[in-house]
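# Remarks on the overall topology
Next come the chains, spelled out residue by residue.
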Amino acid sequence: MLSSQSLYHRNQLGQGQAPSELIGSSIVIITYNIHSAMSDSRLAAIEAELSDIHWDILVLVETWRLENFEIFATEAGNLFYGSGGFKGRCGVGFLVHHRHPKQKFIAVNARLGVLNVRLGSLKLQVVGVYVPDSTYSDEEVDTVYNQLDFHLRDCTCKGHRHCIVAGDFNARVGSQDFYDDISILGSGGLPDRNSRGDWFLQWCTINQLVIGNTHFESDAEHIWTYRNGDRRKQLDYMLFDKQLFKNLEDCGVQPELDTGSDHRAVQASLSYTTNKQN
């Protein structure tokens, strides 16, 4: 069994609420390779960037935080959940808007964290992941995919819970080819698939996870998520189980969130049913 820590956290929001009725609404989830969220000032800068954006959950990778497991309220009253362990590299975290009252968090390791949350009619397992880049061996990449498999099985076994996997996969999935499953890979990817992209796409296909930000067409300037000089690549993705994909309203680059990283954020909007106060 994977070594991990977990905490069930409930804050005081939502206690003693009045009777309610169901209405339609949307949840916004963003993933961002931040390249450091080590300090309180850095987290405050992130929240400042989010002030003009409607958001619910922010999945952060490369937080570079040292703590293996942490949870705390930020100065803005939002909740930060972190799974770290290495100085200056790796680290996964979740910033959850304070309007959401309860979550269960599993800190797996410095490359993987899991957040279970209920939002209205949706029970979600959100997995944040930072897959090793090309300087690491295939064996190290395989280890991360095996850990993902474990948590996907756990999500499936518990039933009636939808799965989202978000983060930096360090893989170029490329554009659609004639032999690809078009229900998994859409037509909104950048060209130039690499071997890690083949691996990533095969893994998504086996697990029937839809690569959300390839299913909304845009020009190349609005697709890339990573820049290195003049080179632009698509490395960051949001994946959805096929049932949940039916709720996906939009998924693509969120250019307004910019804290100086060489990555761009990817944002998804999902429809769901929520409660309205009487």
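Everything below is about the structure shown above.
Throughout what follows, the structure given in this document is the object of discussion. (Residues numbered from 1 in each chain as written. Predicted model: local features only at pLDDT ≥ 70, side-chain atom pairs only at ≥ 80, totals over all residues. Heavy atoms only, no water.)

### Here we look at the pattern of salt bridges
What the rule picks out here adds up to six salt bridges. In this structure, the salt-bridge partner of Arg65 is Glu70, at a minimum N-O distance of 2.5 Å. Each member of the pair, Arg65 as well as Glu70, is classed as buried. Where Arg193 meets Asp198, a salt bridge forms, and the shortest distance between an N and an O atom there is 3.6 Å. (Salt bridge = Lys/Arg side-chain N within 4 Å of Asp/Glu carboxyl O. Buried < 20%, exposed > 50% of the residue type's maximum accessible area, 1.4 Å probe, protein only.)

### Some details on the environment of His35
Checked against the element boundaries, His35 lands in the loop between strand 2 (20-33) and helix 1 (40-50). The class for His35 is partly exposed, based on a relative accessible area of 24%. With 29 residues separating them along the chain, His35 and Trp64 place their C-alpha atoms 7.3 Å apart. A polar side-chain atom of His35 sits 3.5 Å from a polar atom in the side chain of Asp262. (Helix = DSSP H or I, 4+ residues; strand = E, 2+ residues; numbered from the N terminus. Polar contact = N/O pair within 3.5 Å; in protein donor to acceptor, adjacent residues only side chain to side chain.)

### Considering the layout of surface pockets
For the second largest pocket, the calculated volume is near 280 Å³. Lining the second largest pocket are 17 residues; nearest its centre among them are Asp133, Ser134, Asn170, Lys233 and Leu235. Among the secondary structure elements, those contributing two or more residues to the lining of the second largest pocket are helix 3 (195-207) and strand 12 (226-228). Here the residues of the lining of the second largest pocket are counted per class, giving four nonpolar, seven polar and six charged. (1 Å grid on protein atoms, 1.4 Å probe; cavity = no way out; pocket = protein on both sides within 12 Å on 5 of 7 lines; lining within 4 Å. Points joined across faces, edges and corners; volume = space filled by probe spheres on them. Nonpolar A, V, L, I, M, F, W, Y, C, P; charged D, E, K, R; others polar.)

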